[in-house]
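A look at the structure
For reference, the chains in residue letters:
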Amino acid sequence: MPDSIEKLLKAALTAPFYFGEIFVQKTTSGRFVLSHRDDESVDHLQTFRNAQDAIEIAKYDDAGNYRPLKTAPNLRHGWRLELDTLEELRCALDYFYPGRLAIFAAWKRDQLQTTPLRETLDRQSGMYRVAAKISDPELDDLVADFCRSNGGCLRTILWKRDGDGAIASTKLPREKFDPTCDQTAASIPPGSATPATATTAATVPLLCQEACNLLVAECRKVVKGE
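These numbers come from a predicted model, not from an experiment.

Moving on to the pattern of salt bridges. For the structure on display, the rule yields 16 salt bridges. The partner of E82 in a salt bridge is R31, and the shortest N-O contact between them spans 3.0 Å. Of this pair, E82 sits in strand 5 (residues 79–83) while R31 sits in the loop between strand 2 (22–26) and strand 3 (32–36); the two residues are 51 residues apart in sequence, bridging distant segments of the chain. Residue classification places R31 among the partly exposed positions, given a relative accessible area of 30%. Residue D141 is joined to K171 by a salt bridge in which the shortest nitrogen-to-oxygen separation is 2.3 Å. You can see D141 sitting in helix 6 (residues 136–146) and its partner K171 sitting in the loop between strand 6 (156–157) and helix 7 (183–186), a full 30 residues away along the chain. Take K171: its relative accessible area is 52%, and that puts it in the exposed class. One continuous salt-bridge network, built from bridges that share partners, spans R31, R49, R80, E82 and D84.

Written out as structure tokens, the structure is:
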């Protein structure tokens, strides 16, 4: 799997690209440089040179709050990560967004399998078994709030609500289900000033093939009335 991911990265790096809130570029010397996409034109960033530094960069937001959901649109600013090899780049991107490169690689090969939300909920056990009792109207509201790109999650939803193919939420825009749509750009509230960028880059989507554990936990809270 790492080899196939690196082949995809090598192809993507024919031009700079965005991966979630990260801007990736390749210098004339062959080095890979990562930064927050809002900081693309910012000088005097704190420089890191080890792929594992991505773990600490991704841990807290700008206010110092822990980020339990790594695909939430709250990656901190002010850093620059310089890496020498494609392997280091792959590792760093995996630290920033765990598992998303492997999902993207499977999707590009037409081998990605998705799991309906109801199936995910039905297989829960213990204290989370009750989550399966959530109603469809409650799911419609919850998914629209929890998974929205603006303040929720930057993943593109590929899963359905149930085995009949019902949409995850009728209250999310259709762009939320479109891998060609840049969810980070979609996360900017209407009327807000967008950060100036110097480069037009391709976008590698963060894909969601199955509801995450945090969404399952939120389903439980709705059923329990918490």
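A word on the sheet that holds strand 7 (residues 202–204). As a general point, the strands of a sheet are linked pairwise by backbone hydrogen bonds and lie either parallel or antiparallel. Spatially, the six strands line up as an open sheet ordered 4-5-3-2-1-7, and their pairing is mixed. Taken across any chain shown, the strands that pair with only one partner, and hence form the sheet edges, are strand 4 (46–48) and strand 7. Strand-to-strand twist across the sheet, computed as the mean angle between neighbouring axes with direction ignored, equals 25 degrees. Note that strand 1 (residues 17–19) and strand 7 share three bridges and pair parallel. Bridge pairing links F19 to V204 in strand 7.

Across a regular strand the side chains alternate sides, sitting on one face of the sheet and then on the other. With four of its five residues buried, strand 5 lies for the most part within the structure. Bridge analysis of strand 3 against strand 5 gives four bridges, and the strand direction is antiparallel. Looking at the pairing, L34 lines up with L81 of strand 5. With three bridges connecting them, strand 4 and strand 5 associate as parallel partners. Of the residues in strand 5, the one forming a bridge with T47 is R80.

Where helix 6 contacts helix 8 (residues 213–224), the two axes come as close as 11 Å, and the packing angle between them is 135 degrees. Classed by the angle they form, the pair helix 6 and helix 8 counts as oblique. You can see that helix 6 and helix 8 cross each other, and the crossing is right-handed. Taking contact as the criterion, the partners of E138, L139, L142, V143 and F146 in helix 6 are, on helix 8, L214, L215, E218, C219 and V222. A class-by-class count of the residues in the contact of helix 6 with helix 8 yields eight nonpolar, no polar and two charged.

Next up on the list: the nonpolar core. Core analysis: the biggest nonpolar cluster contains 32 residues, and I22, L34, W79, L81, L93 and F96 have the highest contact counts within it. Elements that contribute at least two residues to this core include exactly helix 1 (2–12), strand 1, strand 2, strand 3, helix 2 (53–57), strand 5, helix 3 (86–96) and helix 4 (100–108). Here the element with the most residues in this core is helix 3; it accounts for five residues. Ignoring any residue separated from it by four or fewer positions in sequence, one finds I22 in contact with F17, L34, S35, R37, L75, W79, L93, F96 and Y97.

With that settled, consider the environment of T120. Mapped onto the fold, T120 is located in helix 5 (residues 117–122). Once residues lying within four places of it in the same chain are set aside, the contact partners of T120 are T115, E210, A211 and V216. Polar contacts involving the side chain of T120 include one to the side chain of E210, which spans 3.5 Å.

With that out of the way, let us pick up unusual backbone geometry. Unlike most non-glycine residues, H44 shows phi in positive territory, near 60 degrees. Relative to the helices and strands, H44 resides in the loop between strand 3 and strand 4. Phi at D110 is positive, roughly 60 degrees, even though this residue is not glycine. D110 sits in the exposed class, given a relative accessible area of 72%.

With that settled, consider the side chain of R37. Turning to its location among the elements, R37 is positioned in the loop between strand 3 and strand 4. A relative accessible area of 10% means that R37 is categorised as buried. In this structure the side chain of R37 is engaged in a polar contact, spanning 2.8 Å, whose partner is the side chain of D182.

Thresholds, definitions, all that
Residues numbered from 1 in each chain as written. Predicted model: local features only at pLDDT ≥ 70, side-chain atom pairs only at ≥ 80, totals over all residues. Heavy atoms only, no water. Salt bridge = Lys/Arg side-chain N within 4 Å of Asp/Glu carboxyl O. Helix = DSSP H or I, 4+ residues; strand = E, 2+ residues; numbered from the N terminus. Buried < 20%, exposed > 50% of the residue type's maximum accessible area, 1.4 Å probe, protein only. Pairing = 2+ DSSP bridges. Axes fitted to C-alpha atoms, helices over the stretch in contact; angles between N-to-C directions. Parallel < 35°, antiparallel > 145°, perpendicular 65-115°, else oblique. Left-handed = near helix turned anticlockwise from the far one by under 90°. Contact = heavy atoms within 4.5 Å. Nonpolar A, V, L, I, M, F, W, Y, C, P; charged D, E, K, R; others polar. Core = buried A, V, L, I, M, F, W, Y, C linked by side-chain atoms within 4.5 Å. Polar contact = N/O pair within 3.5 Å; in protein donor to acceptor, adjacent residues only side chain to side chain.

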